[in-house]
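# An overview of the molecular structure
Chain by chain, the residues:
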Amino acid sequence: MTTESRSNRPQRRAGRHFLQIPGPTNVPDRILRAMDMPTIDHRGPDFQQLGREVLAGLKSVFRTGGPVVVYPASGTGAWEAALVNTLSPGDRVVMFETGHFATLWREMATRLGLDVDFVPGDWRRGVDPARLEQKLRDDRERRIKAVCVVHNETSTGVTSRIAALRAAIDRSGHPALLMVDTISSLGSIDYRHDEWGVDVTVAGSQKGLMLPPGLSFNAISDKAMAAHATARLQRSYWDWTAMLGPNATGFFPYTPATNLLYGLREAIAMLLEEGLETVFARHARHGAATRAAAAAWGLEIVAADPAEYSGSLTALMMPDGHDADRLRAVILEGFDMSLGQGLGRLKGRIFRIGHLGDFNDLTLIGTLGGVELGLARAGVPHRPGGVQAALSVLAAAPAGR
Ligand SMILES: *Cc1c(COP(=O)(O)O)cnc(C)c1O
């Protein structure tokens, strides 16, 4: 071997890479092992057993008694499925500018031929229940067919209060459907499809569910099924009826992502073994410790309202004149950790710490240690002591069991 080819080889880095972006998240070994299986006949009895278990188990995670459909697609596919299965060309929908993901969903809705009323926002707050109630009260002709909300805005670390939004819709007496994107909250932040009267819940595999990317979901209410019967937007691949027929016996209308479904079966088991309430409390506690670190460093966070702080990620603002992407590059190079970049209008101005998925106290301390080392190495003005502040929060409130 020549010296040249040896020097072209990437340098080995000891220890595990820290993947602390707010999704995809770290896939636990138990899930990796569960997926390490030969592919099977997706029309045979072994698959049927797997299909039945996964489709039943998902109901516990979404907290619904109704059907949950699984697509071999990223979360974006499930956004489209929610819209095309329930709405018709020209239908009015209300969406809220909470951040980058809400903006992308709105752009999709517009491209699909919907009439989107996009309520402007400052990317620091979630959806205001009073604002929603007024919108619906003002719509005397009942032209609004759906309200679409991103539960946890992954670009900002702001969590909208779905129960309060449901109550606002109920007070208005408006019949619009409620659709909620839980791609970065399901399995990490409290969420109840049935209790909160959500009509379509959109989710994805690669965040709180701890799976690789590649699966996405729609949980469907009776009211959404009724809308589906008359909805006229073009649909084929995403059609719920085509999916629900074979799902009734554990099968899929086309080749499913079998090995991801093995992983999903394991992920559901892990979430239920830990207990969903424990999972949510764990995430909330890590959010609090991360915010304590940010405050100690003297870095402002994007979320403006404590009632909307996210348990799955925290977005931190850079001091003026300092580039967040340069800081992230220094941290990746120096400490082998990936942090989330600022998206859309926040590019370069913020970085995002993902603290969701298969994540514990020591993962958090390692993550925050990497940030604190990176702030120093990159010459970003800050006070030391963020890690210590987080340790104090964790010590004061031991993880519950
Ligand atoms: C990640 C994410 C998406 C996009 O999902 P993809 O799997 O990348 O298509 C949409 N909405 C939210 C809230 C997200 O966090």
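Residues numbered from 1 in each chain as written. Predicted model: local features only at pLDDT ≥ 70, side-chain atom pairs only at ≥ 80, totals over all residues. Heavy atoms only, no water.

## Brief notes about unusual backbone geometry
The step from Gly-23 to Pro-24 runs through a cis peptide bond, and the omega angle for that step is -5°. Its place among the elements puts Pro-24 in the loop between strand 1 (18-20) and helix 2 (29-35). Backbone geometry places Trp-123, a non-glycine residue, at a positive phi of 65°. Of note, Trp-123 is situated in the loop between strand 4 (115-119) and helix 6 (129-138). (Helix = DSSP H or I, 4+ residues; strand = E, 2+ residues; numbered from the N terminus.)

## Considering the nonpolar core
Membership of the largest hydrophobic core comes to 88 residues, with the highest contact counts inside it found for Trp-105, Met-179, Phe-217 and Leu-264. When residues of this core are assigned to their parent elements, the largest contribution, eight residues, is made by helix 10 (residues 258-274). When residues of this core are assigned to domains, at least three fall in each of domain 1 (15-25 + 275-396) and domain 2 (29-272). Not counting chain neighbours up to four residues away, the residues in contact with Met-179 comprise Ala-82, Leu-83, Thr-86, Leu-87, Trp-105, Ala-146, Val-147, Cys-148, Val-149 and Val-200. Leu-316, Met-318, Ile-353 and Val-387 belong to the second largest nonpolar core, which has 29 residues in total. (Core = buried A, V, L, I, M, F, W, Y, C linked by side-chain atoms within 4.5 Å. Buried < 20%, exposed > 50% of the residue type's maximum accessible area, 1.4 Å probe, protein only. Domains from an automatic or database assignment. Contact = heavy atoms within 4.5 Å.)

## Focus: the site of the ligand
Around the ligand, a shell composed of 13 residues is seen, among which Ser-74, Thr-76, Thr-154, Asp-181 and Lys-207 lie nearest. Between the ligand and Gly-75, the relevant distance is 2.8 Å, taken from an oxygen atom to a main-chain nitrogen or oxygen of the residue. Residue Lys-207 places a side-chain N or O atom 2.6 Å away from an oxygen atom belonging to the ligand. Contact with the protein chains hides 87% of the accessible area of the ligand, taken as 380 Å² for the molecule alone. Counting residues per element, the shell around the ligand draws most heavily on helix 4 (residues 75-86), at three residues. (Near = heavy atom within 4 Å. Polar contact = N/O pair within 3.5 Å; in protein donor to acceptor, adjacent residues only side chain to side chain. Areas by Shrake-Rupley, 256 points an atom, 1.4 Å probe, with all protein chains shown as cover.)

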